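Coordinate analysis (summary)
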Amino acid sequence: QAQLVESGGGLVQPGGSLRLSCAASGFLFSNYAMSWYRQAPGKERELVATITSAGGSTNYADSVKGRFTISRDNAKRTVYLQMNSLQSEDTAVYYCKALWMRVYWGQGTQVTVSS
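Quick caveat: nothing in here was measured; it's all calculated off a predicted structure.

Definitions and cut-offs
Residues numbered from 1 in each chain as written. Predicted model: local features only at pLDDT ≥ 70, side-chain atom pairs only at ≥ 80, totals over all residues. Heavy atoms only, no water. Pairing = 2+ DSSP bridges. Helix = DSSP H or I, 4+ residues; strand = E, 2+ residues; numbered from the N terminus. Axes fitted to C-alpha atoms, helices over the stretch in contact; angles between N-to-C directions. Core = buried A, V, L, I, M, F, W, Y, C linked by side-chain atoms within 4.5 Å. Buried < 20%, exposed > 50% of the residue type's maximum accessible area, 1.4 Å probe, protein only. Contact = heavy atoms within 4.5 Å. Phe/Tyr/Trp six-rings, centres within 6.5 Å; stacked < 30°, edge-to-face > 60°. Lys NZ or Arg CZ within 6 Å of the ring centre and 35° of its normal.

Examining the sheet that holds strand E3 (residues 18-25)
- Spatial ordering of the open sheet is given by E1-E3-E8-E7, a layout of 4 strands whose pairing is antiparallel. Single-partner strands in this sheet number two, and they are strand E1 (3-7) and strand E7 (68-73). The mean inter-strand angle of the sheet, taken between neighbouring strand axes irrespective of direction, is 15°.
- Of the pairings in the sheet, the one linking E7 to strand E8 (residues 78-83) comprises 6 bridges and is antiparallel in character. Within the sheet, the bridge partner assigned to arginine 72 lies in E8 and is valine 79.

What follows is the structure, encoded as structure tokens:
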């Protein structure tokens, strides 16, 4: 059974950093493009970053460019999101998504940026 499990969320002060992880199981991870999305209260889910299956190409939302970095380790079946210079506007539930033959979503991890 395919599964994505996010971890690494929490409470951080403005200007701080967090690294999210998303561990995959039950499907051929190395064939899938991986993305991070986020959803803030009262807002629609938005795409944050995407990485291709082999990790050779990445894309970012304008709001996080230069602050967030997506990466993956296919041997560990894990995708990461390094988040630096966090701002209150980054507060949201962060989800990872796998896309190829099928689409899989994780359950989300809460990130709260507050002093």
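What about the nonpolar core?
- In terms of nonpolar packing, the biggest core is built from 30 residues, with Leu4, Met34, Trp36, Leu81, Met83 and Tyr94 touching the most fellow members.
- Those elements giving two or more residues to this core turn out to be E3, strand E4 (33-39), strand E5 (46-51), E7, E8, strand E9 (92-99) and strand E11 (109-113).
- Discounting chain neighbours no more than four positions away, the residues touching leucine 4 are Cys22, Ala23, Ala24, Phe27, Met34, Cys96, Lys97, Ala98, Tyr104, Trp105, Gly106 and Gln107.

So, the packing of aromatic side chains
- Here the structure, examined in full by the defined rule, presents 5 aromatic pairs.
- Judged by centre distance (4.8 Å) and plane angle (35°), the rings of phenylalanine 27 and tyrosine 104 are tilted. Residue phenylalanine 27 is located in the loop between E3 and E4, and its partner tyrosine 104 is located in strand E10 (residues 103-105); the two are separated by 77 residues in the primary sequence.
- Arranged with centres 5.6 Å apart and planes meeting at 75°, the rings of tyrosine 32 and tryptophan 100 form a pair that is edge-to-face. Separated by 68 residues along the polypeptide, tyrosine 32 in the loop between E3 and E4 and tryptophan 100 in the loop between E9 and E10 bring together distant segments of the chain.
- Overall, tryptophan 100 belongs to the partly exposed group, its relative accessible area being 46%.
- The structure contains a cluster of three or more aromatic residues connected by ring pairs, namely Phe27, Tyr32, Trp100 and Tyr104.
- Arginine 45 extends its terminal NZ or CZ atom over the ring of tryptophan 105, reaching a point 4.7 Å from the ring centre.

Overview of the environment of glutamine 87
- Inspection of the secondary structure puts glutamine 87 in the loop between E8 and E9.
- Given a relative accessible area of 32%, glutamine 87 falls into the partly exposed group.
- The sequence separation of glutamine 87 and valine 113 amounts to 26 residues, and the corresponding C-alpha distance is 6.1 Å.
- With residues near it in sequence (within four places) discarded, glutamine 87 still touches Arg67 and Val113.

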